[in-house]
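What follows is the residue order along each chain.
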Amino acid sequence: MAKHVDKADPVAAPELRFGGVWQYEPAPETTDHCAIAARYQLYIGGQWTKPRSGEYLATIDPATERPLSEVALAGDRDVDAAVKAAQKAFPAWRARSGEDRARYLFRIARILLERAREFAVLETLDNGKPIKETRDVDVPLAAQHFFYHAGWADKLDLLFPGQRPQPLGVIGQVIPWNFPLLMAAWKIAPALAAGNTVVLKPAETSPLTALRLCEVFEQAGLPPGVANVVTGDGRTGAALVRHPGLAKVAFTGSTEVGKEIQRAVAGRGVELTLELGGKAAHLVFEDAALDQAVEGVVRGIFFNQGHVCCAGSRLLVQESVHDLFVDKLRRRMGRIRVGPPLDKNTDMGAIHSQAQLARIRELVAAGVDEGARLHQTACDLPAKGFWFPPSMFTGVSMSHRIAREEIFGPVLSVLTFRTPEEAVEKANNTSYGLSAGIWTDKGARVLWLAARMQAGVVWNNTFNRFDAASPFGGYKESGFGREGGRQGLRAYVRLAGGLSPG
Ligand code: NAP
Ligand code: MG
């Protein structure tokens, strides 16, 4: 089969490329705002607690491979201590009035905003994502989740009228590395608002903002044991979900680990919600505002280096505008600035880890082998750190691995369709069902398509927009349960039912 690799993209004019000498010198004023300790302990029962094993794991800056800090590796006994602390705190926390719990959540939200800059810098350093995104998206949205759920804490009876909503107990929460602070907020805010207590396990490679959030809990005076954070690796997550003291497990991560967790909790009477992977279809019709659609497609796949579960990774373009649209897209890709994550002009930062970079490279090589045509933006990428240029495959068919598997990187696969029926068929021809996007001028068509797309979120003439009031979650192998909005809170309460309101 013919192999097409179009690296020196002629469309990307030199002046549009990111170029020059690449230097990594974070501005001193930004790092000053974000002191990082050499070592962090576990946050259990309101105390910074050493792990029983005495073992620690390094976390690095993926843009430079520089070690940032060491975090404790929690084993079974540490996890047990955290669950016991959460169990001990539960009766008093659930007994507080909703208004009282709201006060703590409002305080947490306000402190997060006061310390926004520090959180944005820390997240950028630990994760590799651009400061523009942590500043404008991750941190404000995390605070929004605490504000939003604070608003519901004393109104749960109105939300579930006559159903006497009760908290479940101790919730075990496991989150991934792609939105470390935001995922912590998505998990902790609704659980606490509903009167539960939690044990959260952040990802091994991005634990620092969840640990700093514990400082915010202390500052807000949150009672000890209401929120506990145990760092570690996959073994720590496995120990947590196995723990018999949990009433519910809430997991965000890969479909593979999600299935393992489903097996681990089966038959134990433990509630479970799973937010897993995705392979979103992003549809562009010939009548769409194409220049706006280009911006949406770029945001859809290159936001957060494509490390986004709901990334618009499968672009389906109507055949009549395919060539024109791809041409516009290639020009626009040439203007994406890949570079130092702490530089506020950077559009795309570092790939999060060596392992993720290897996965992206493997799938891109598979795409080339299978005969798709690769277009890559020419960038001067530094020798140190983990980097991958904005990439797009054209000539992709549904059977290609790059059309079926989640790449979780800045790689777009472009396919075509002729009719709306064919678009729906192709969009749904995936084992995932997390999100989708539709660009068209016709409102009736949007409604027709949205009703037929098997996706938890369907964006119209926009993409990758999030709001605490809007439920988020998947179908099929993208998981089950919703986070955010009223539906998200439903997963954190038991409804007794049977009573009429008042
Ligand atoms: P992952 O490998 O599944 O890890 C997710 C979390 O689970 C991490 O904290 C991980 O710990 C932990 N873990 C690993 N093995 C475990 C086990 N056997 N039992 C319990 N916990 C375990 O996923 P990832 O690579 O971090 O994240 C990328 C994936 O997350 C992608 O597939 C993406 O689509 C998905 N995601 C989904 C959503 C959504 O809302 N649907 C949002 C974001 C990401 P360590 O990291 O310490 O190993
Ligand atoms: Mg890191």
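This text goes with the structure placed above it.
Counting restarts for each chain: residues are numbered from 1 in the order of the written sequence. Just so you know, chain letters begin at A and ligand numbers begin at 1, following the order they were written in. Reporting in this predicted model follows two pLDDT cut-offs: at least 70 for local features of residues, and 80 or more for side-chain atom pairs to be given and counted; totals over whole chains, interfaces and linings ignore these cut-offs and use all residues. In computing side-chain properties, one takes all heavy atoms of the structure into account and sets aside hydrogens as well as water.

A. Spatial organisation of the pattern of salt bridges. What makes a salt bridge here is a side-chain nitrogen of Lys or Arg within 4 Å of a carboxyl oxygen of Asp or Glu, nothing more. Counted under the stated rule, the structure contains 28 salt bridges. Taking the shortest distance from any N to any O, the salt bridge between Glu-215 and Arg-115 comes out at 2.7 Å. Highlighted residues: Glu-215 in helix α8 (residues 208–219) and Arg-115 in the loop between α3 (98–114) and α4 (116–127), separated in sequence by 100 residues. Taking the relative accessible area as the measure of exposure, Glu-215 reaches 26% and is therefore partly exposed. Three labels apply to residues, based on accessible area from a 1.4 Å probe with only protein chains included: buried if under 20% of the type maximum, exposed if over 50%, partly exposed otherwise in between. A relative accessible area of 15% places Arg-115 in the buried class. We note a salt bridge from Asp-347 to Arg-337, for which the minimum N-O separation is 3.3 Å. A residue pair is termed long-range when its members are at least 10 positions apart, and Asp-347 in the loop between α12 (322–333) and α13 (354–369) and Arg-337 in the loop between α12 and α13 qualify at 10 residues. Given a relative accessible area of 38%, Arg-337 falls into the partly exposed group. The network of salt bridges with common partners includes Arg-96, Glu-99, Asp-100 and Arg-103. Helix and strand definitions here come from DSSP, where helices need a minimum of 4 consecutive H or I residues and strands a minimum of 2 consecutive E residues; each element is numbered from the N-terminal end.

B. View of the sheet that holds strand β2 (residues 39–40). Here a strand pair is declared whenever DSSP counts at least two bridges between the two strands. A sheet is described by the order of its strands in space; here three strands give the open sequence β2-β6-β5, paired in mixed fashion. Every other strand in the sheet has two partners, leaving β2 and β5 (56–61) as the edge strands with one partner each. By the bridge criterion, six bridges tie β5 to strand β6 (residues 66–72) in an arrangement that is antiparallel. The residue bridging Thr-59 from the neighbouring strand is Ser-69, located in β6.

C. Structural context of the site of ligand 1. The rule for a residue being near a molecule or strand is that one of its heavy atoms must lie within 4 Å of it. Within the structure, ligand 1 sits among 29 residues, and Ile-175, Lys-201, Ser-254, Leu-276 and Glu-406 are positioned closest to it. By the criterion applied in these results, polar contacts are pairs of N or O atoms within 3.5 Å in which, for protein atoms, one can donate a hydrogen and the other can accept it, and in which residues neighboring in sequence qualify only through two side-chain atoms. Lys-201 is positioned with one of its side-chain polar atoms (N or O) 2.8 Å from an oxygen atom of ligand 1. Here a nitrogen atom of ligand 1 sits 3.4 Å away from a polar atom, N or O, in the main chain of Ala-238. Expressed as a share of its isolated accessible area of 900 Å², the protein-covered part of ligand 1 is 87%. Elements with a contribution of two residues or more to the shell around ligand 1: α9 (234–242), β11 (248–252) and α10 (255–265). By the convention adopted, Pro, Cys, Tyr, Trp, Phe, Met, Ile, Leu, Val and Ala count as nonpolar, Lys, Arg, Asp and Glu as charged, and the other residues, Gly among them, as polar. Residue composition of the shell around ligand 1, grouped by class: 15 nonpolar, eight polar and six charged. In these tables, accessible area is a Shrake-Rupley quantity obtained with a 1.4 Å probe, and a residue counts as shielded only by the protein chains included in the view.

D. A look at the coordination of the magnesium ion (ligand 2). Donor atoms from the polypeptide that coordinate the magnesium ion (ligand 2) comprise Thr-59 (OG1), Ile-60 (O), Asp-126 (O), Asp-126 (OD) and Thr-205 (O), at 2.4 to 2.8 Å from the metal. The donor set covers N, O and S atoms within 2.8 Å of the metal, switching to 3.2 Å for Na, K and Ca, and it leaves out water, so a site may look short of donors. In the primary structure, the donors to the magnesium ion (ligand 2) are separated according to the pattern T-I-x65-D-x78-T. Classification of Thr-59 as buried rests on a relative accessible area of 1%. Take Ile-60: its relative accessible area is 28%, and that puts it in the partly exposed class.

E. The layout of surface pockets, seen in detail. For cavity detection a 1 Å grid was placed over the protein atoms alone, and a set of points counts as a cavity when a 1.4 Å probe fits there but cannot get out; an open set counts as a pocket when protein lies on both sides within 12 Å along at least five of seven lines, with lining residues being those that have an atom within 4 Å of a point. Grid points are joined across faces, edges and corners, and a volume is the space filled by probe spheres set on the points. Each pocket or cavity is described by its volume, and for the largest pocket that value is around 930 Å³. Lining of the largest pocket is provided by 37 residues; of these, Trp-177, Phe-251, Gly-253, Ser-254 and Val-257 occupy positions nearest its centre. Every element with two or more residues in the lining of the largest pocket is listed here: α9, β11, α10 and α13. Tallied by class, the residues present in the lining of the largest pocket amount to 16 nonpolar, 12 polar and nine charged. Within this model, the second largest pocket holds a volume of roughly 390 Å³. Contributing elements (two or more residues each) for the lining of the second largest pocket: α5 (131–153) and α11 (290–302). Broken down by element, the lining of the second largest pocket gets its largest block of residues, five residues, from α11. Here the residues of the lining of the second largest pocket sort into eight nonpolar, three polar and eight charged.

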